[in-house]
Amino acid sequence: MDSREYGFEGTMPDIHGYAHVSREATVVGDVTVEPNASVWPGVVLRGDVAPVRVGHESHVGDNAVLHASSVGDNVMVGHGAVLNDTTVEDGCLIGFNSTLTDSTIGEHSIIAMGTVVPEGYEVPAESFVRGMPASVTPLEETNIDPEAVFEAYHSGDYTNLAQRHDDLFE
């Protein structure tokens, strides 16, 4: 067991053998990290009051915090993001330094950098969310090409990058 993986009330983190969790991340309690996911330095995954899940091929950037939150498959959580009691569905991009509290983010949505999603928000699928507090716009009503954005910020290159860091991950 790495020194930054901690049990809580008898529950230990469950990190898949093909996941990449930095030795500099802190993982506590009821946490699941699925195959080909990556968890980068400074991240805190705290599954003490409720589970934390990082889905298949999802990536949690440096210094992000997930507490009692679930991230679906193929999600990119940007550096410094804070998710508290939040569900992020498959295929989303969560921008750097965003804060999401007690909310649900529908699949294939984009949360802009620095956005604050307040308690109780239910963001519909395929939305663009920005601002403090958050303002929600259907992606189809924007000039954003979600596939290009997702490819630029999430592609399998992130999984490959994690695999190339021999000393950073277990």
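All figures in this text were calculated on a predicted structure; none of them were measured in a lab.

About the criteria used
Residues numbered from 1 in each chain as written. Predicted model: local features only at pLDDT ≥ 70, side-chain atom pairs only at ≥ 80, totals over all residues. Heavy atoms only, no water. Core = buried A, V, L, I, M, F, W, Y, C linked by side-chain atoms within 4.5 Å. Buried < 20%, exposed > 50% of the residue type's maximum accessible area, 1.4 Å probe, protein only. Contact = heavy atoms within 4.5 Å. Pairing = 2+ DSSP bridges. Helix = DSSP H or I, 4+ residues; strand = E, 2+ residues; numbered from the N terminus. Salt bridge = Lys/Arg side-chain N within 4 Å of Asp/Glu carboxyl O. 1 Å grid on protein atoms, 1.4 Å probe; cavity = no way out; pocket = protein on both sides within 12 Å on 5 of 7 lines; lining within 4 Å. Points joined across faces, edges and corners; volume = space filled by probe spheres on them.

Novice: What's the story with the nonpolar core in this structure? I'm lost.
Specialist: As a rule of thumb, soluble globular proteins bury nonpolar side chains together. Ranked by size, the top nonpolar core spans 30 residues in total, and within it Val33, Leu45, Leu66, Val77, Leu83, Ile94 and Ile105 carry the most contacts. Beyond its immediate stretch of four places on either side in the chain, Leu83 contacts Val65, Leu66, His67, Ser69, Val71, Val77, Val88, Ile94 and Leu100. Leu93, Phe128, Leu139 and Ala162 belong to the second-largest nonpolar core, a separate cluster that totals 10 residues.

Novice: Would you explain the pairing of strand β20 (residues 135-138) in this entry?
Specialist: Residues in a regular strand project their side chains so that they alternate between the two faces of the sheet. As defined by bridge partners, strand β19 (residues 127-130) adjoins β20 across 4 bridges and the pair is classed as antiparallel. Note on β20: the bridge partner recorded for Ser127 is Pro138. Turn length for the β19-β20 hairpin, with the two strands adjacent in sequence and antiparallel, is 4 residues, and the turn residue Gly131 shows positive phi of about 100°.

Novice: Would you explain the pattern of salt bridges in this entry?
Specialist: One pass over the full model with this rule turns up 4 salt bridges. For Arg4, the salt bridge is made with Glu24, and the minimal N-O distance between the two is 3.7 Å. One end of the pair, Arg4, is in the segment before β1 (5-6); the other, Glu24, is in the loop between β3 (20-21) and β4 (26-33), and 20 residues separate them in sequence. Here the salt bridges do not stand alone but share partners, grouping Glu34, Arg53 and Asp73 into one network.

Novice: Is there a simple way to explain the pairing of strand β6 (residues 44-54) in this structure?
Specialist: Across 7 bridges, the pairing between β4 and β6 is parallel. The residue bridging Thr26 from the neighbouring strand is Val44, located in β6. With 3 bridges joining them, β6 and strand β8 (residues 65-67) adopt parallel strand pairing. Looking across to β8, one finds that Arg46 is bridged to His67. As judged from the 2 bridges shared by β6 and strand β9 (residues 70-71), these two strands associate in the parallel manner. From the neighbouring strand, Val54 faces β9, where its bridge partner is Val71.

Novice: Quick question: what am I supposed to make of the layout of surface pockets here?
Specialist: Where empty space is left in the structure can be found by rolling a water-sized probe over the atoms. There is about 300 Å³ of room inside the largest pocket. In terms of lining residues, the largest pocket is bounded by 18 residues, among which Leu93, Gly95, Phe96, Met113 and Tyr153 are the most central. Mapped onto the lining of the largest pocket, the elements with two or more residues apiece are β10 (76-77), β13 (93-94), β16 (110-111) and α1 (146-154). Sorting elements by how many residues they give to the lining of the largest pocket places α1 first, with 3 residues.

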